[in-house]
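Observations on the three-dimensional arrangement
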Amino acid sequence: MKQNLINNSISNFLYEKAKKYNTRIILPEDNLRTNSAKQFLIKSGFDIKELNRDDTDLYIENLSKFKFAQNWTSSMIREYLDDPIHLSCAMVANDEADCVIAGSQNPTSKIIRTAIRLIGIEKSTKWVSSMFLMISPDYKKIFAFSDCAVIPEPDSEQLTNIAFQTAKMYNLLTDLKPKIAFLSFSTNGSASHYRVDKVIESCNLFKKKYPNICCEGEMQVDAALDSKIALRKNKNSSINGDANILIFPNLDSGNIGYKLVQKLGGYLAWGPLMFGLNKTVHDLSRGCTAEDIVNTTLIASIQSNSNANI
């Protein structure tokens, strides 16, 4: 059963991939868009978990061990768990569900803060970051933009980690080979600035750590996306204007960039899709549609059960 909430080839690809798994999903918010998505997913056979308020005493006991709640009374923790976002993440932390998708009526900062507090950051990753999956109006092009929602001023090591996590996610969701462009206002040394130096350092570090993943930088966005401009600006370009992953140097450029492409270019923007947590939590734009919620849930189901091989 797909009805009209699965209405393009990319959504259908994700739907068929996600259906293979028995992912336990929580959509904790209560509004028309979420409820419409939830109804569709339940009828399609997905395991949508309701908020469990019967085991609050168990959650209170578990949360009392967390550093942020060490000085809280039981009544304070109980009040904290009255919030559906907090309760849903507590359920995931207690292994009663695999993922949470929320944000249609809550700010990104709350979703991220709660996820970090209750679910925690992967030790191998050290940082939480995010990407947007950008889909062209004709559904023929799929890009990943990162990081557009979490780390304001990533250093070179963080930028390298963002690129690697994005490459894994992009490959997992599309089965396409990642081609990464580390973006800057400079291409191949055309400008000298400390901000350019950071991008160059990050790209060099990435090449050293992940030599089998195609990447290039520093480069301007036109050289990353246009083969003729790439040839003029860098004749030895390995990507040659065919990048599918754009790594922005900071949150200002990333957030502005994805919204420009979304609003002026008519691209779909699915995300922010977060990575670096012990379990999957994805944020939603407060302007999201029921279709966006379904697509993000499909992505969460795949991410919760798979490992990309890049």
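Higher on the page you've got the structure.
The notes below deal with the structure included here. Here the structure is a predicted model, which is why all the values come from computation and not from measurement.

1. As for the overall build of the protein
Helix and strand content of the protein: 12 helices and 10 strands. In terms of overall dimensions, the protein is globule-like: its C-alpha atoms have a radius of gyration of 20 Å, near the 19 Å expected for 310 residues. Contacts in the protein between residues far apart in sequence, at least 24 positions, make up 72% of those at least 6 positions apart. Accessible area for the protein stands at about 14,300 Å²; split by element, carbon and sulfur atoms hold 48% of it. When the 36 basic and 33 acidic side-chain charges of the protein are each reduced to a single mean position, those positions are 5 Å apart.

2. Observations regarding helix α2 (residues 32–43)
Taking 1.5 Å per residue, 12 residues should reach 16 Å; α2 reaches 16 Å between its end C-alpha atoms and fits that length. At the C-terminal side of α2, Gly45 shows a positive phi close to 95 degrees.

3. Topic: the packing of aromatic side chains
Tallied over the full model, the rule gives 12 aromatic pairs. A ring pair is formed by Phe68 and Trp72, whose centres lie 5.3 Å apart and whose planes are at 85 degrees; its orientation type is edge-to-face. Consider the rings of Phe206 and Tyr210, whose centres lie 5.0 Å apart with planes at 55 degrees: the pair is tilted. Owing to a relative accessible area of 0%, Phe206 belongs among the buried residues under this scheme. Members of the aromatic cluster, joined through ring pairs, are Phe66, Phe68, Trp72 and Tyr80. The ring of Phe46 has Lys19 lying over it, and the distance from NZ or CZ to the ring centre is 5.5 Å.

4. A few points about the layout of surface pockets
Approximately 600 Å³ is the volume attributed to the largest pocket. For the largest pocket, the lining is made up of 32 residues, of which Gln262, Ala269, Ser285, Cys288 and Asp292 are closest to its centre. Contributions of two or more residues to the lining of the largest pocket are made by α11 (251–265), β9 (268–275) and α12 (290–305).

5. What to know about the pattern of salt bridges
Going through the model one piece at a time under the given rule, you end up with 11 salt bridges. Note that Lys17 is salt-bridged to Asp175, the shortest N-O span being 3.0 Å. Of the two residues, Lys17 sits in helix α1 (residues 9–18) while Asp175 sits in the loop between α7 (156–174) and β6 (179–183), which places them 158 residues apart along the sequence. In this structure, Lys49 and Asp47 form a salt bridge, with 3.5 Å as the shortest nitrogen-oxygen distance.

6. Structural notes on the sheet that holds β6
Strand order in the open sheet formed by six strands is β7-β6-β8-β5-β4-β9, with mixed pairing between adjacent strands. Whereas interior strands pair on both sides, the edge strands pair on one side only; in this sheet they are β7 (214–219) and β9. Sheet twist, expressed as the mean angle between neighbouring strand axes with direction ignored, is 20 degrees. Pairing of β6 with β7, which is carried by five bridges, proceeds in the parallel orientation. Bridge pairing links Phe182 to Gly217 in β7.

7. Looking at the environment of Phe143
Take Phe143: it is sitting in strand β5 (residues 142–146). Each C-alpha atom of the pair Phe143 and Pro178 lies 9.6 Å from the other, and the pair is 35 residues apart in sequence. Discounting chain neighbours no more than four positions away, the residues touching Phe143 are Phe132, Leu133, Met134, Tyr170, Leu225, Ala243, Asn244 and Tyr267.

8. A look at unusual backbone geometry
Note the cis peptide between Ser146 and Asp147, where omega equals -15 degrees. As for its placement among the helices and strands, Asp147 is situated in the loop between β5 and α7. Look at the link from Gly271 to Pro272: it is a cis peptide, with omega at 5 degrees. Within the secondary structure, Pro272 is located in strand β9. A positive phi angle, close to 65 degrees, is found at Tyr139, a residue other than glycine.

9. A look at helix α6 (residues 108–118)
Here α6 has its buried residues at Lys110, Ile111, Ile112, Thr114, Ala115 and Leu118. Just past α6, the residue Gly120 takes up positive phi, approximately 90 degrees.

10. Let's talk about the packing of α7 against α12
Direction vectors running N to C along α7 and α12 enclose 110 degrees, while the axes themselves pass 10 Å from each other. The orientation of α7 with respect to α12, classified from their angle, is roughly perpendicular. Touching Met169, Leu172 and Leu173 of α7 are Ile299, Ile302 and Gln303, all from α12.

11. Focus on the nonpolar core
Formed by 80 residues in total, the largest nonpolar core has its most connected members in Leu81, Leu133, Ile180, Phe182, Phe206 and Leu298. Among the elements that make up this core, the one with the highest residue count is α7 (nine residues). Not counting residues up to four positions away in its chain, the partners in contact with Leu133 are Ile142, Phe143, Tyr170, Leu173, Leu268, Ala269, Trp270, Leu273 and Ile299. In this structure, Cys148, Cys214, Ala223 and Ile229 belong to the second largest nonpolar core, which totals 19 residues.

Analysis parameters
- Residues numbered from 1 in each chain as written.
- Predicted model: local features only at pLDDT ≥ 70, side-chain atom pairs only at ≥ 80, totals over all residues.
- Heavy atoms only, no water.
- Helix = DSSP H or I, 4+ residues; strand = E, 2+ residues; numbered from the N terminus.
- Rg over C-alpha atoms; globule rule 2.2 N^0.38 Å.
- Contact = heavy atoms within 4.5 Å.
- Areas by Shrake-Rupley, 256 points an atom, 1.4 Å probe, with all protein chains shown as cover.
- Lys, Arg positive; Asp, Glu negative; His and termini not counted.
- Charge placed at Lys NZ, Arg CZ, Asp CG, Glu CD.
- Expected span 1.5 Å × (residues − 1).
- Phe/Tyr/Trp six-rings, centres within 6.5 Å; stacked < 30°, edge-to-face > 60°.
- Buried < 20%, exposed > 50% of the residue type's maximum accessible area, 1.4 Å probe, protein only.
- Lys NZ or Arg CZ within 6 Å of the ring centre and 35° of its normal.
- 1 Å grid on protein atoms, 1.4 Å probe; cavity = no way out; pocket = protein on both sides within 12 Å on 5 of 7 lines; lining within 4 Å.
- Points joined across faces, edges and corners; volume = space filled by probe spheres on them.
- Salt bridge = Lys/Arg side-chain N within 4 Å of Asp/Glu carboxyl O.
- Pairing = 2+ DSSP bridges.
- Axes fitted to C-alpha atoms, helices over the stretch in contact; angles between N-to-C directions.
- Parallel < 35°, antiparallel > 145°, perpendicular 65-115°, else oblique.
- Core = buried A, V, L, I, M, F, W, Y, C linked by side-chain atoms within 4.5 Å.

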